[in-house]
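Here is how the chains run, residue by residue.
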Amino acid sequence: MAQLTATPLSALVDEPVHIQVTGLTPFQVVCLQASLKDEKGNLFESQAFYKANEVGEVDLERDASVGGDYVGVHPMGLLWSLKPEKLLTRLAKRDVMNTPFQVQVKVCEPYFPIKNVVPHAPKDSLTLERWYVAPGVTRIQVKEGRLRGALFLPPGEGRFPGLIDLFGSTGGLIEFRASLLASHGFAALALAYWGYDDLPPLLEKVDLEYFEEAVEFLLRHPKVLGPGVGVISVCKGAEVGLSMAVNLKNITATVLINGPNFAIGNLHVYRGQTSLPTPTNIEFTSSNALGFAEFYRTYEQTGDVDSRYCFPIEKAEGHFLFVVGEDDKALNSKAHALQATSQLTRNGKKNWTVLSYPGAGHLIEPPYSPLCCASRIPFVSPNIHWGGEVIPHAAAQEHSWKEIQSFLKKHLILDVTSQL
């Protein structure tokens, strides 16, 4: 009798799971299926076909999928290949503290997917719990002065390296990355800056004094290590993160995931000084075969080639980690990172690292997250193609997540101890 096992059954979403099937007949072909529903009831599914070995066993850490949503040896493929039933749906956890994602995993007889064919009942099944927060992590709602967000603190007395977590064009308050980073020892502030609570419903300008308040808030907290903080940011958030590093004090380490090195769409204002948005070439917008908009060429005659639009990154005192998806269809992220690092090099700076991933798209998220290749965002009419190929994008997420944490710890912890 077939038996499906997974170890551990309950874990953080960025932790691997060892999935095995025993009790099959020698060389039997089976279909492994995974599914979950998000908090809105949207269904995500995946499947892969495996052939048992001579003793009737399948081990995802050893055996290759021969078909389905991926091919080859990919121990976590069932999770990162999950696809939405409704196109343009992004998997994003909202309530990170109280409930995990529950992933149903089944081992089934293969069948041809045509109408009126009723599949056999699963041979065995189990449920994985995938948490975005470790035991003991606390969440503190932040509503202090103008600041709106959520501060996640690891268990224990502290003090912990502090960082600010910024997302981009979706607006609102997005917490899943900050809660995970707190689970790995960081005091992480998920910071909203538009489209949340009493903040502006649309982003009209980037007021850097608001983000300066966030830096000061973190450094005042008794459980934050100091004397500097980190920033982790993506998309529009990476634009803001870079501007923070250039203009504000006490930004020690900045992670920029697929962002520009100049202002896009909005003024940046700080203490009376203004950075104008870079002109766009909207005529260079393209679309893919499904009609999803691609914007990665819209700055190729302005920001991509004219340094007067670029943030003066050489003024920043901290360190930079650029994370680049080379198949990003929303921004020409590789060109932006190369332009920024060339600017640093010309000014004698060596305070940067670039991680560049062929086949990875725009939305590089924590490990084992499904690729979101296209979705809607609130203020853009067409659906946006974010890019990415499933297998290399998954590999980029797994590798970059480890590198991001190492980079932040190196510059937020070791730099402190070296000064003592």
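The coordinates are above.
For the structure given in this document, a descriptive report is provided here. Being a predicted model, the structure only gives us computed values, none of them experimental. (Residues numbered from 1 in each chain as written. Predicted model: local features only at pLDDT ≥ 70, side-chain atom pairs only at ≥ 80, totals over all residues. Heavy atoms only, no water.)

**Focus: the packing of aromatic side chains**
With the rule as written, the count across this model stands at nine aromatic pairs. Ring centres 5.9 Å apart and planes at 80° place the aromatic pair phenylalanine 101 and tyrosine 132 in the edge-to-face group. Note that phenylalanine 101 is positioned in strand E9 (residues 101-108) and tyrosine 132 in the loop between strand E10 (124-131) and strand E11 (138-144), a separation of 31 residues in sequence. Considered together, phenylalanine 101 and tyrosine 132 belong to a single accessibility category, that of buried residues. Pairing phenylalanine 262 with tyrosine 299 gives two aromatic rings, centres 5.2 Å apart and planes at 50°, and the pair type is tilted. Highlighted residues: phenylalanine 262 in the loop between strand E17 (251-257) and strand E18 (267-270) and tyrosine 299 in the loop between strand E21 (293-294) and strand E22 (319-325), separated in sequence by 37 residues. In terms of burial, phenylalanine 262 and tyrosine 299 fall into one category: buried. We note lysine 93 situated over the ring of phenylalanine 101; from NZ or CZ to the ring centre the distance is 5.4 Å. If you follow arginine 297 out to its NZ or CZ, it ends over the ring of phenylalanine 284, 4.6 Å from the centre. (Phe/Tyr/Trp six-rings, centres within 6.5 Å; stacked < 30°, edge-to-face > 60°. Helix = DSSP H or I, 4+ residues; strand = E, 2+ residues; numbered from the N terminus. Buried < 20%, exposed > 50% of the residue type's maximum accessible area, 1.4 Å probe, protein only. Lys NZ or Arg CZ within 6 Å of the ring centre and 35° of its normal.)

**Let's talk about the environment of glutamate 294**
Summarising the element assignment, glutamate 294 is placed in strand E21. On the accessibility criterion, glutamate 294 (8% relative accessible area) is buried. Separated by 159 residues in sequence, glutamate 294 and proline 135 place their C-alpha atoms 41 Å apart. Among residues more than four places away in sequence, those in contact with glutamate 294 are Thr285, Ser286, Ser287, Asn288, Lys329 and His385. (Contact = heavy atoms within 4.5 Å.)

**Examining the nonpolar core**
Within soluble globular proteins, side chains that are nonpolar tend to cluster in buried spots. The biggest cluster of nonpolar side chains holds 118 residues, and the ones touching the most others in it are Leu78, Phe211 and Met244. Leaving out residues up to four positions away in the same chain, leucine 78 has contacts with Ile19, Leu32, Ala34, Ser46, Gln47, Ala48, Leu60, Tyr70 and Val105. (Core = buried A, V, L, I, M, F, W, Y, C linked by side-chain atoms within 4.5 Å.)

**Side note on the packing of helix H3 (residues 208-220) against helix H4 (residues 236-247)**
Interhelical geometry of H3 versus H4 gives an angle of 75° and a closest axis separation of 10 Å. With respect to their mutual orientation, H3 and H4 come out roughly perpendicular. Within the contact between the two elements, H3 uses Leu208, Phe211 and Val215 and H4 uses Val240, Ser243, Met244 and Asn247. Looking at the contact of H3 with H4 residue by residue, the classes come out as five nonpolar, two polar and no charged. (Axes fitted to C-alpha atoms, helices over the stretch in contact; angles between N-to-C directions. Parallel < 35°, antiparallel > 145°, perpendicular 65-115°, else oblique. Nonpolar A, V, L, I, M, F, W, Y, C, P; charged D, E, K, R; others polar.)

**Notes on the pairing of E18**
Pairing of strand E15 (residues 205-207) with E18, which is carried by three bridges, proceeds in the parallel orientation. In the sheet register, lysine 205 faces E18, and the bridge partner there is leucine 267. Taken together, the three bridges between E18 and strand E19 (residues 273-275) define a ladder with antiparallel strand orientation. Following the sheet pairing, histidine 268 is matched in E19 by serine 275. Counting the residues that bridge the hairpin from E18 to E19 gives two residues, and of these arginine 271 lies at a positive phi of roughly 50°. (Pairing = 2+ DSSP bridges.)

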